[in-house]
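Listed here are the chains, written in short residue letters.
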Amino acid sequence: MTDLAGKHIVLGLSGGIACYKAAELCRALIREGATVQVVMTEAAAQFITPVTMQALSNRPVYGSQWDAREPNNMAHINLSREADAILIAPCSADFMAKLLHGRADDLLSLMCLARPLSGEAGGPGGASKAVPLLIAPAMNREMWAHPATQRNLVQLQADGATILGVGSGFQACGETGDGRMLEPAELLEDVIAFFQPKRLAGHHVLVTAGPTYEAIDPVRGITNRSSGKMGFAIARAAREAGAEVTLVAGPVSLPTPRGVTRVDVRSAQDMLGVVTAAAQAATVLVATAAVADWRPAKAADHKIKKDGSGQPPALQFTENPDILATVAQSARARSGALFCVGFAAESHDLLAHAQAKRARKGVPLLVGNIGPATFGQDDNALLLVDAQGTRELPRASKLALARELIAEIAQRAGATGPKTV
Ligand code: C5P
């Protein structure tokens, strides 16, 4: 299953060195199942040829409002009416200024101005549907910081455009700062997120993910095989659904999903501290972390050495706090302002264990999965257990399951709506 199947994207390029990234972006959109129609300004064609973009998109590129290929000679109308979204990447400072003023002296700006701002898809008599405009700015840091550009950004948003933000770092001009176009992979993630239903808008979702690491001494510790992939997928899906998301991650090597605030922790105690503080503002907690049940009672200050006796060191263990149960018992959770979801990784008897765990943790929704079948994998199968009964989510990618789970959570947490207590 691809994330943009059935979507038709008009990819607009305005003039800027970031045009080289648009080639990769075009491929990425197509890989996710979209069809892509490229429209380029004259300036864009100075940076990358229409030949390249035609080959990658498998469609002739449009550049002129006088394009005679269109029987009605109205490329600006035809192209915008077909689109599920227009994505301008790169969007130069000049092109932003142009959009802002509603100027329309080339095909791309003309098409953006002509795009329907409201309407239902597939209406009778050729009624038009609203066509969103997504903008990926790209410019030198001084141009980006200029009050004129910042003013234009605010006004473009007020006029209904979605600004996808900029990257920061070394720029083609040799300077370092904000204003680079986002990388193709980042833009792709943003476009995919744009099309997801905003079921959790207004919510603040807190997710724990990955293993914890309990130190024995400065170089050794106890951990487990949790990869963090399920939790990271849930954080991404929650963000796609419009929530503000805080992801508290044990030691894993996974990239942070776009738009998610990540806090890295090591031990269960670190995780408890961060989660209890963040839970004060959260409306949903999804605890996917595989928290170590025990930790060494005292981590040695120095590396424990073999003493020649042939005997291993006698390690003493202390039980770790149960983070989920602690938060589920808080006043905020008990008042219904915070909806708590637990996970159970079992090796057998999933239903019985999940039901028992739901009661023991005191959470309204418990999600069971078979641990050995999912650790480190990109797919999983889930069993949802709540007071009403059970629902199976059959094997699928972790991201697809995360989106389904978020829809289930939104139904339950959304009933009361986001609250602040
Ligand atoms: O008891 P068990 O570890 O099987 O429970 C799993 C659920 O409880 C998961 O949601 C996990 O994130 C959470 N948990 C926790 N703190 C612990 C142990 C588990 O938050 N110390």
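This structure is a prediction, so every number in the text was calculated from the model and none was measured. (Residues numbered from 1 in each chain as written. Predicted model: local features only at pLDDT ≥ 70, side-chain atom pairs only at ≥ 80, totals over all residues. Heavy atoms only, no water.)

Here we come to the sheet that holds strand β17 (residues 365–370). The strands that make up a sheet pair up through hydrogen bonds in the backbone, lying either parallel or antiparallel. Taken in spatial order, the eight strands of this open sheet run β12-β11-β8-β13-β16-β17-β18-β19, and their pairing is mixed. The open sheet has two edge strands with one neighbour each: β12 (261–264) and β19 (389–397). Between one strand axis and the next, the sheet turns by 15 degrees as a mean value, whatever way the strands run. Against the sheet, helix α11 (residues 268–278) contacts β8 (204–209), β11 (244–249), β12 and β13 (284–287), and its axis sits at roughly 170 degrees relative to β8. (Pairing = 2+ DSSP bridges. Helix = DSSP H or I, 4+ residues; strand = E, 2+ residues; numbered from the N terminus. Axes fitted to C-alpha atoms, helices over the stretch in contact; angles between N-to-C directions. Contact = heavy atoms within 4.5 Å.)

What follows concerns the packing of aromatic side chains. A complete count under the given rule lists one aromatic pair for this structure. Ring geometry for F194 and F195: centres 5.6 Å apart, planes at 80 degrees, overall edge-to-face. Residue classification places F195 among the partly exposed positions, given a relative accessible area of 22%. Above the ring of Y62, the side-chain terminus of R69 is found at 4.4 Å from the ring centroid. (Phe/Tyr/Trp six-rings, centres within 6.5 Å; stacked < 30°, edge-to-face > 60°. Buried < 20%, exposed > 50% of the residue type's maximum accessible area, 1.4 Å probe, protein only. Lys NZ or Arg CZ within 6 Å of the ring centre and 35° of its normal.)

Pairing within the open sheet is parallel, and its five strands lie in the order β2-β1-β3-β4-β5. The outermost strands of the open sheet, each flanked by one partner alone, are β2 (35–40) and β5 (162–163). Where strand β4 (residues 133–137) lies against β5, two bridges are found, and the strand directions are parallel. Looking across to β5, one finds that I135 is bridged to I163.

A few words now on the site of the ligand. Around the ligand, a shell composed of 13 residues is seen, among which A287, A289, P321, L324 and K357 lie nearest. The contact in question runs from an oxygen atom of the ligand to an N or O atom on the backbone of F343, over 2.8 Å. If the ligand stood free it would expose 440 Å²; the protein chains cover 86% of that surface. Applying the majority rule of atoms within 2 Å of the grid points places the ligand in the largest pocket. Residue assignment for the shell around the ligand shows that the elements contributing at least two residues are α12 (323–328), β16 (339–346) and α14 (350–361). When residues of the shell around the ligand are assigned to their parent elements, the largest contribution, three residues, is made by α14. For the shell around the ligand, a count of residues per class yields seven nonpolar, two polar and four charged. (Near = heavy atom within 4 Å. Polar contact = N/O pair within 3.5 Å; in protein donor to acceptor, adjacent residues only side chain to side chain. Areas by Shrake-Rupley, 256 points an atom, 1.4 Å probe, with all protein chains shown as cover. 1 Å grid on protein atoms, 1.4 Å probe; cavity = no way out; pocket = protein on both sides within 12 Å on 5 of 7 lines; lining within 4 Å. Sits in = over half its atoms within 2 Å of the grid points. Nonpolar A, V, L, I, M, F, W, Y, C, P; charged D, E, K, R; others polar.)

All right, on to the layout of surface pockets then. Picture a little ball the size of a water molecule; that probe, rolled over the atoms, points out where space is still empty. Estimated volume of the largest pocket: approximately 980 Å³. Taken together, 44 residues make up the lining of the largest pocket; nearest its centre are A289, A290, V291, D293 and F343. Contributing elements (two or more residues each) for the lining of the largest pocket: β8, α10 (229–240), β15 (317–319), α12, β16, α14 and α15 (371–374). When residues in the lining of the largest pocket are grouped by element, the largest group, five residues, is from β16. Broken down by class, the residue content of the lining of the largest pocket amounts to 18 nonpolar, 16 polar and 10 charged. (Points joined across faces, edges and corners; volume = space filled by probe spheres on them.)

The next subject is the environment of G15. Within the secondary structure layout, G15 lies in the loop between β1 (8–13) and α1 (19–31). Exposure remark for G15: the relative accessible area of 22% places this residue in the partly exposed category. Sequence separation between G15 and G336 is 321 residues; the distance between their C-alpha atoms is 52 Å. In this structure G15 touches T41, A43, A44, F47 and S92, once residues within four positions along its chain are discounted.

A surface patch of nonpolar side chains, about 350 Å² in accessible area, is lined by I17, Y20 and F47. With respect to the helices, strands and loops of the structure, Y20 is situated in helix α1. For Y20, a relative accessible area of 55% puts it in the exposed group. (Patch = residues over 30% accessible without salt bridge, like charges linked within 9 Å, V, L, I, M, F, W, Y side chains within 5 Å. Salt bridge = Lys/Arg side-chain N within 4 Å of Asp/Glu carboxyl O.)

As assigned here, the protein chain comprises domain 1 (8–195) and domain 2 (204–305 + 314–413). One C-alpha centre belongs to domain 1, the other to domain 2; they are set 39 Å apart. If you look at the interface, domain 1 gives seven residues, while domain 2 gives five residues. At the boundary of domain 1 with domain 2, total buried surface from both sides reaches about 530 Å², with 45% on carbon and sulfur atoms. For the domain 1 face of the interface with domain 2, the top three residues by lost area are E189, I192 and A193, together amounting to 72%. In this assembly, domain 1 and domain 2 are joined by two salt bridges. (Domains from an automatic or database assignment. Buried area = accessible area lost by both parts, 1.4 Å probe.)

The next point concerns the nonpolar core. Among the nonpolar cores identified, the biggest contains 36 residues, and V205, I234 and I409 are the most heavily contacted of them. Among the secondary structure elements, those contributing two or more residues to this core are β8, α10, β11, β13, β16, β17, β18 (379–386) and α16 (398–413). The element contributing the most residues to this core is α16, with eight residues. Dropping the residues within four chain positions of it, V205 is found in contact with L200, A238, A243, E244, V245, T246, V284 and V286. Listed in part, the 33 residues of the second largest apolar core include A23, M53, A89 and L187. (Core = buried A, V, L, I, M, F, W, Y, C linked by side-chain atoms within 4.5 Å.)

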